[in-house]
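Inside the fold
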Amino acid sequence: MTIRITGMNSGLDTDAIITELVSAYKAKGDKYVKSQTKLSWTQDLWKSLNTKIFNFYKSLDKLRLGSSVKKKTTVSDPTKATITAGSGAVSGTQTLTVNKLATGKYVTGEVLKKGSEEKITSNDTLASLGYTGSETIKIEGSEGSVDIAVDGTTTISDFVKKINDAGVGVKASFDAGNQRLFISSAKTGKENSFTMTGTGDALDKLGLTEASGAVVKDAMDAEIELNGATYTSSNNTFNVNGLTIQATAKTDGKELSITTDTDTQGMYDNIKEFISSYNDLINELSSYYNADSAKGYEPLTADEKDAMSESDIAEWEKKIKGSLLRRDSTLSGIMSAMTTAMSSTVTVNGKSFGLANLGIKSLGYFASSKNEKNALHIDGDEDDSFSSENEDKLMAMLNSDPEAVNEIIKGIASKLYSNLDEKLKGSTTLKSAYTVYNDKEMAKSYSDYTTKIKEWNEKVAKIEDSYYKKFSAMEVALGKLQSQMSAFTGMLG
């Protein structure tokens, strides 16, 4: 730190004088700092908006690539089966009978006994069960086969672990409370069954053969009859002609009734969600584009903040941040890309349709508030106070021709996606891919400001040092003059 002692001879407030002399230079440096701060705020705002635009852009995939035609289905006894209808399901009534449910193969072992009445534990060996030989037990499951070597020193825990670790689609456990081993296939259905064979009598001693008293239940496929045709499944799930049927209980020969129809309400809700998401984004973009001017407002320096309250500072900065994208050309281009797509038409069955044909339109320039002139409203939407009393054209058309509505929405979503795609894709020297604003250019400008600020601060420091040297020289000269005057006065005296 440089310590300066000034004004000793002249009596002048040198620091105040020099501060005033360099103030103009410092003010220019402050302008660089304020410009960089404003740029940083703009970068943050664009990053946030870019994320929202990109997420909306990606959300269009389900509308432009898929089908918004939804089907709903009901079953006369939902305790026996649950039904889900895909878009390709045939509307109408069908009959269903659940004959069998899929099961895996189960082997419930006989109660294990030692020579005494003592309880068996998982740490007991096969020798304690009366087995003293050695052999290989082969287990063949749906995922492969494994040979397990056992002898009198093999514990029940070892045997269970070797089966579970084999990864052949077979699971084992020991129930100490019931003194039984349980072996089962990991999945249901005949194709997931298993076999166990040994070269000795270890399986008998473990209580895992029917000869030793084990209960064996073979694997079984599920079986249903849909409209009189028989279908089988290894896992109780059936996919038939657009229907996904999950059998949950046998119907004991009784026929269930399945009714499938177009889910117009579901389609309506999807379209409403799409319009709502569009409105949220376009209204936010509009609010920044139409923001009030913040002319005369600049980011505050530390000294300026010291003279203001925290609430005043917050309001000051809020005013600036709200106006950062006012009349921004990039923002205008994005908004135009969105509104152009939403006002476009789609040809369906030789006729031209737009969202207006579905009762989806704006309120008009004069009826809309400042930042909602591009927002769309659905006629008859009970949640929209502006259009709830209008004729519900969308639901009417969904009921009469859901496929046409699907094609209209699909076409509009595709155009909207394409327009945003042009704004987002492509990397240049000014912007990165999937970015709508010139992020690279802004990053360079921010870096340039950092350099300018550093260089200007160094320049101001040099100017300040120059002034101090001049005043210091003046003080030295005054000191010498005062000494001479003192000597001359002494001579006269």
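Description of the structure in this document. Everything numeric in this text was worked out from a predicted model, so none of it was measured.

For the rest of this paragraph, the subject is the overall build of the protein chain. On a plain count of helices and strands, the protein chain comes out with eleven helices and 19 strands. Evaluated residue by residue, the protein chain yields a buried proportion of 38% over its 493 residues. A separation of at least 24 residues holds for 70% of the contacts in the protein chain among residues at least 6 apart in sequence. With the model as given, the accessible surface of the protein chain reaches about 26,900 Å², and the carbon-plus-sulfur share is 49%.

Now for the pairing of strand β12 (residues 229–233). Regular strands place side chains that alternate from one sheet face to the opposite one. Relative to β12, strand β11 (residues 222–226) is paired through five bridges, and the arrangement is antiparallel. Paired with Leu226 across the strands is Ala229, a residue of β12.

Moving on to the sheet that holds strand β10 (residues 215–217). Here we have four strands laid out as an open sheet, ordered β7-β8-β4-β10, and antiparallel in their pairing. A single partner strand is all that each edge strand has here, and the edge strands are β7 (170–175) and β10. Ignoring which end each strand starts from, the neighbouring axes of this sheet average 10 degrees apart. Strand direction decides the pairing type here: β7 and strand β8 (residues 180–185), joined by six bridges, are antiparallel. Its bridge partner being in β8, Asp175 is matched across the sheet by Arg180. Of the strands in this sheet, β7 and β8 are in contact with helix α3 (residues 156–166), which crosses β7 at around 155 degrees.

The next point concerns helix α10 (residues 402–424). An α-helix turns once per 3.6 residues; consequently, residues spaced three or four apart project the same way. Look at α10: 32 Å from first C-alpha to last across 23 residues, which is about the 33 Å you get at 1.5 Å a residue. With its phi angle positive at about 90 degrees, Gly426 sits one or two positions after the end of α10.

What follows concerns the sheet that holds strand β6 (residues 144–151). Taken in spatial order, the three strands of this open sheet run β6-β5-β9, and their pairing is antiparallel. Every interior strand has two partners, whereas the edge strands, β6 and β9 (195–198), have only one. Across the sheet, the axes of successive neighbouring strands diverge by a mean angle of 20 degrees, strand direction being ignored. Note that strand β5 (residues 134–141) and β6 share eight bridges and pair antiparallel. Residue Ile139 lies in a different strand from β6, and its bridge partner there is Val146. Sheet strands in contact with α3 are β5 and β6, and its direction is about 165 degrees off that of β6.

Attention shifts here to the packing of helix α8 (residues 329–342) against α10. Where α8 contacts α10, the two axes come as close as 8 Å, and the packing angle between them is 160 degrees. Classified by the angle between their axes, α8 and α10 sit roughly antiparallel to one another. The crossing of α8 and α10 is right-handed. Judged by residue contacts, Gly333, Ile334, Ala337, Met338, Thr340, Ala341 and Met342 of α8 engage Ile412, Lys415, Leu416, Asn419, Leu420 and Lys423 from α10. Within the contact of α8 with α10, the residues separate by chemical class into eight nonpolar, three polar and two charged.

It is worth spelling out the environment of Ser128 at this point. Tracing the chain through its elements places Ser128 in the loop between β4 (106–108) and β5. Measuring from C-alpha to C-alpha, the distance between Ser128 and Lys205 comes to 9.8 Å, with 77 residues separating the pair along the chain.

The subject of this paragraph is the pairing of strand β14 (residues 243–247). Only one face of β14 is buried, namely the one carrying Leu243, Ile245 and Ala247, since none of Thr244 and Gln246 on the opposite face is buried. When strand β2 (residues 81–85) meets β14, the two strands line up antiparallel, connected through five bridges. Counted as the bridge partner of Thr82 is Gln246 from β14. Where strand β13 (residues 237–240) lies against β14, four bridges are found, and the strand directions are antiparallel. For Asn239, the partnering residue across the bridge sits in β14 and is Thr244.

With that out of the way, let us pick up the environment of Asn371. Its place among the elements puts Asn371 in the loop between β18 (360–361) and β19 (377–378). The class of Asn371 is partly exposed, set by a relative accessible area of 24%.

Another aspect to go through is the packing of aromatic side chains. One pass over the full model with this rule turns up six aromatic pairs. On the numbers, 5.9 Å between centres and 40 degrees between planes, the contact of Phe54 with Tyr57 is tilted. Pair noted here: Phe54 and Tyr57 are both in helix α1 (residues 14–59), with a separation of three residues, about one helical turn. On the basis of relative accessible area, Phe54 is assigned to the partly exposed category, the value being 27%.

What follows covers the pattern of salt bridges. Scanning the model with the defined rule gives 14 salt bridges in all. Ionic pairing is found between Lys370 and Asp292, a salt bridge with its closest N-O pair at 3.2 Å. With Lys370 in the loop between β18 and β19 and Asp292 in the loop between α5 (264–289) and α6 (302–306), this pair connects stretches of sequence that are 78 residues apart. Salt-bridge contacts for Lys444 lead to Asp448; the nearest nitrogen and oxygen are separated by 3.1 Å. On the criterion of helical spacing, the pair formed by Lys444 and Asp448 is a turn pair, its members being four residues apart in helix α11 (residues 439–492). Take Asp448: its relative accessible area is 33%, and that puts it in the partly exposed class. Each of Lys58, Asp61 and Arg64 takes part in a single network of salt bridges with overlapping partners.

Parameters at a glance
Numbering of residues starts from 1 in every chain and runs along the sequence as written. Totals for whole chains, interfaces and linings use every residue, but because this is a predicted model, local features are given only for residues with pLDDT of at least 70 and side-chain atom pairs only at 80 or more, for both listing and counting. Neither water nor hydrogens contribute to the side-chain values; these are computed over all heavy atoms in the structure. Note on conventions: DSSP H or I runs of at least 4 residues are helices, E runs of at least 2 residues are strands, and numbering of each starts at the N terminus. Relative accessible area decides the class of each residue, using a 1.4 Å probe on protein chains only: under 20% of the type maximum gives buried, over 50% gives exposed, and in between gives partly exposed. Contact definition: two residues touch when any of their heavy atoms are within 4.5 Å. Here the open area of atoms and residues is found with the Shrake-Rupley method and a 1.4 Å probe, where only the protein chains shown may cover a residue. Strands qualify as paired when DSSP identifies two bridges or more between them. Here, axes are lines fitted to C-alpha atoms. For helices the fit covers the stretch in contact, and angles between N-to-C directions go from 0 to 180 degrees. Helices are assigned an expected span. That span is 1.5 Å times one less than the residue count. Any angle that is under 35 degrees is reported as roughly parallel, and any over 145 degrees as roughly antiparallel; angles of 65 to 115 degrees are reported as roughly perpendicular and all others as oblique. Crossing handedness is read from the near helix: turned anticlockwise from the far helix by less than a right angle, it gives a left-handed crossing, and turned clockwise, a right-handed one. Charged means Asp, Glu, Lys or Arg here, nonpolar means Ala, Val, Leu, Ile, Met, Phe, Trp, Tyr, Cys or Pro, and polar covers whatever is left, Gly included. Planes of paired rings set the category: under 30 degrees apart is stacked, over 60 is edge-to-face and the rest tilted, where pairs are Phe, Tyr or Trp rings (Trp by its six-membered ring) whose centres lie within 6.5 Å. Salt bridges, as used here, are contacts in which a Lys or Arg side-chain nitrogen is within 4 Å of a carboxyl oxygen on Asp or Glu.

Function cannot be inferred from these measures alone, as they are strictly geometric.
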